[in-house]
Amino acid sequence: MNAHVATPVDALAEALRAGLRGRVLTAADGDYDRARATFYGGIDRHPAAIALVADANDVSRVVSFARYRGIELAVRSGGHSIAGHCVTEGGIVLDLSAMKGIEIDPKGRTAWAETGLTARECPVATAAHDLATGFGDTGSVGIGGITLGGGVGYLVRKHGLTIDSLEAADVVTADGERRRVDADHDPDLFWAIRGGGGNFGVATRFRYRLHEVGTIVGGMLLLPATPETVEGFIAEAERAPEELSAIANVMPAPPMPFLAEEHHGKLAIFGIIAYAGDVDAGQRAVAPFRSLATPLADMIRPMPYPEIYPPDDESYHPTAVSHTMFLDRVDGGTARVIVDRLTASDATLRVAQLRVLGGAAARVPDEATAYAHRSSRIMANLAAFYYGPDDRLVREAWVADFAAALRQGDGGAYVNFLTDEGPERVRAAYPGATWDRLVAIKRRYDPTNLFRLNQNIPPEG
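Because the structure is predicted, anything quoted here is derived from the model rather than measured. (Residues numbered from 1 in each chain as written. Predicted model: local features only at pLDDT ≥ 70, side-chain atom pairs only at ≥ 80, totals over all residues. Heavy atoms only, no water.)

A. Region of interest: helix H11 (residues 389-406). A rise of 1.5 Å per residue sets the reference length of H11, with its 18 residues, at 26 Å; its end C-alpha atoms lie 26 Å apart and thus fit the reference within 8%. Residues Asp-391, Arg-395, Trp-398, Val-399, Phe-402, Ala-403 and Leu-406 constitute the buried set of H11. Viewed end-on, H11 has its buried residues packed into an arc of 130 degrees, placing them on one side of the element. Summarising the geometry of H11, the exposed residues directed more than 90 degrees from the buried face are Pro-389, Asp-390 and Leu-393. (Helix = DSSP H or I, 4+ residues; strand = E, 2+ residues; numbered from the N terminus. Expected span 1.5 Å × (residues − 1). Buried < 20%, exposed > 50% of the residue type's maximum accessible area, 1.4 Å probe, protein only. Arc of directions from axis to C-beta.)

In structure tokens:
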């Protein structure tokens with residue numbers, strides 16, 4: 001039997017393991033492939049080592065190790081980076097998923113939450129006290145990435161973005177230092193991590209302000225999609241009280257057991273509604289949506305807030321191309337473009353997702369955080385599934401044409417929904433003075449751009 005021959009990867013892993021409480025995986029480990037897999041399919045990268053860190057000390061050691069050795073570093077919370085920034089080819093993945101501690105102060109309405117927690121796990125823990133912070137709309141997303149990019153979810157109109165409830169954070173910067181940042185300590189860094197993404201360090205814990213959120217009125221309302229119902233859904237979402245946040249996914253209806261076969265493949269609005277307030281008032285607020293057309297399915301009901309997150313399917317790894325943008329309005333003409341473009345495509349799955357913003361999120365000044373799109377009214381995300389490289393080119397062209405047909409006056413972009421689209425689109429996420437301030441802070445805290453696997457803000461601008 002041949003003896004194992006040590007390789008440079010073995011030596012790197014052994015050096016990395018020294019002093020770590022957590023595990024270090026290499027390709028020789030049985031769970032390596034699962035650990036390097038991302039939520040989105042089509043990403044097949046092979047890191048030299050995956051450090052499953054156990055605490056902030058581990059994080060500091062891994063950051064210092066990567067900086068000293070000049071090794072590319074990817075940081076992973078939930079593995080949902082659309083661009084695949086949470087995994088590296090030949091470098092080190094710093095995986096936070098084992099860090100799931102949470103300390104809740106019900107009387108003070110705050111929680112310290114480690115960044116391996118997901119958007120479902122955090123609300124499940126705080127729901128015992130009828131308290132919550134708003135995250136995104138997918139339960140398996142890590143709170144690390146969604147918070148650093150802003151956080152647009154089911155409570156956005158009532159309680160603002162996730163960063164609007166962020167009171168402090170524990171961050172490991174590129175020099176390996178552990179810092180407690182808030183409005184009084186490293187205030188520039190605290191400003192930057194509220195929307196600036198993973199450019200400035202590894203967040204290990206967040207302190208959130210919690211809001212009273214017990215039973216909500218929420219769930220899915222499935223309506224036939226016509227220009228009239230699409231326009232009407234967005235109009236009702238804009239008119240609704242701020243307690244109500246809504247998402248309209250306009251897409252062909254897949255075969256579902258609760259949906260009559262005659263509707264399969266036909267364009268529908270998969271509306272997701274969450275009303276965070278009095279149950280009777282919530283039922284009244286939902287009524288106008290139900291009146292837009294005879295619902296194909298109506299699953300809206302009183303529920304504990306965490307139930308708004310659908311169950312995860314670990315086998316689901318979609319391959320898709322997408323484009324994120326903001327719209328000023330969804331009038332009759334815009335709604336017609338949406339319906340016509342979706343109808344004309346033959347992609348297995350294609351979608352125009354529309355999220356009405358405003359409310360509490362819009363009352364924060366643009367300059368208060370690195371998320372500078374407070375006056376943007378509607379977020380639109382366009383996507384199409386693809387199968388293979390040739391099909392991807394077809395779908396990319398379709399998405400690009402669709403976006404061009406919808407483009408209005410708002411040229412911004414939400415950083416958490418950007419794919420690998422180049423520096424101009426990153427600049428669109430951080431317009432004007434926001435970009436200049438972020439560059440200056442990047443130069444101070446990460447002058448060598450160690451944290452570059454992200455929607456990157458280079459220190460040289």
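B. Quick peek at the sheet that holds strand S10 (residues 202-209). Ordered in space as S5-S6-S10-S8-S9, the five strands form an open sheet in which the pairing is antiparallel. At either margin of the open sheet sits one strand with a lone partner, and together these are strand S5 (102-105) and strand S9 (178-181). Across this sheet, the average inter-strand angle for adjacent strands is 10 degrees, counted without regard to direction. (Pairing = 2+ DSSP bridges. Axes fitted to C-alpha atoms, helices over the stretch in contact; angles between N-to-C directions.)

C. Main features of the packing of aromatic side chains. Following the criterion strictly, the structure yields 10 aromatic pairs and no others. Consider the rings of Phe-39 and Tyr-40, whose centres lie 4.9 Å apart with planes at 90 degrees: the pair is edge-to-face. Pairing Tyr-371 with Tyr-414 gives two aromatic rings, centres 6.1 Å apart and planes at 75 degrees, and the pair type is edge-to-face. A residue pair is termed long-range when its members are at least 10 positions apart, and Tyr-371 in the loop between strand S18 (350-356) and strand S19 (378-385) and Tyr-414 in the loop between H11 and helix H12 (423-429) qualify at 43 residues. For the pair shown, Tyr-371 and Tyr-414 are each scored as buried. Of the aromatic side chains, those joined through ring pairs into one cluster are Phe-39, Tyr-40 and Tyr-316. The ring of Phe-190 is capped by Arg-194, whose NZ or CZ atom sits 4.0 Å from the centre of that ring. Positioned above the aromatic ring of Trp-191, the side-chain terminus of Arg-437 is 4.0 Å from the ring centre. (Phe/Tyr/Trp six-rings, centres within 6.5 Å; stacked < 30°, edge-to-face > 60°. Lys NZ or Arg CZ within 6 Å of the ring centre and 35° of its normal.)

D. Geometry of the packing of helix H10 (residues 332-344) against H11. Where H10 contacts H11, the two axes come as close as 10 Å, and the packing angle between them is 165 degrees. Judged by the angle between their axes, H10 and H11 are roughly antiparallel. Crossing angle aside, the handedness with which H10 passes H11 is right-handed. Residues Thr-334, Val-337, Ile-338, Arg-341 and Leu-342 of H10 touch H11, and the partners they reach there are Trp-398, Asp-401, Phe-402, Ala-405 and Leu-406. Tallied by class, residues from the contact of H10 with H11 come to seven nonpolar, one polar and two charged. (Parallel < 35°, antiparallel > 145°, perpendicular 65-115°, else oblique. Left-handed = near helix turned anticlockwise from the far one by under 90°. Contact = heavy atoms within 4.5 Å. Nonpolar A, V, L, I, M, F, W, Y, C, P; charged D, E, K, R; others polar.)

E. Spatial organisation of the nonpolar core. Grouped together as the largest cluster of nonpolar side chains are 59 residues, with contacts concentrated most on Ile-193, Tyr-305 and Ile-308. In contact with Tyr-305, other than residues within four places in its own chain, are Pro-123, Ala-132, Thr-133, Gly-134, Phe-135, Tyr-154, Leu-155, Val-213, Gly-214 and Ile-216. Within the second largest apolar cluster, 44 residues are counted, among which are Ala-237, Leu-354, Leu-382 and Phe-402. (Core = buried A, V, L, I, M, F, W, Y, C linked by side-chain atoms within 4.5 Å.)

F. Representation of unusual backbone geometry within the structure. A positive phi is found at Asp-130, a non-glycine position, where the angle reads about 55 degrees. Locating Asp-130 in the fold gives a position in the loop between helix H4 (121-126) and strand S7 (131-132). Relative accessible area serves as the criterion here: at 44%, Asp-130 is assigned to the partly exposed category. For Asp-186, which is not glycine, the phi torsion reads 50 degrees and is therefore positive. Its location among the elements puts Asp-186 in the loop between S9 and helix H7 (187-193).

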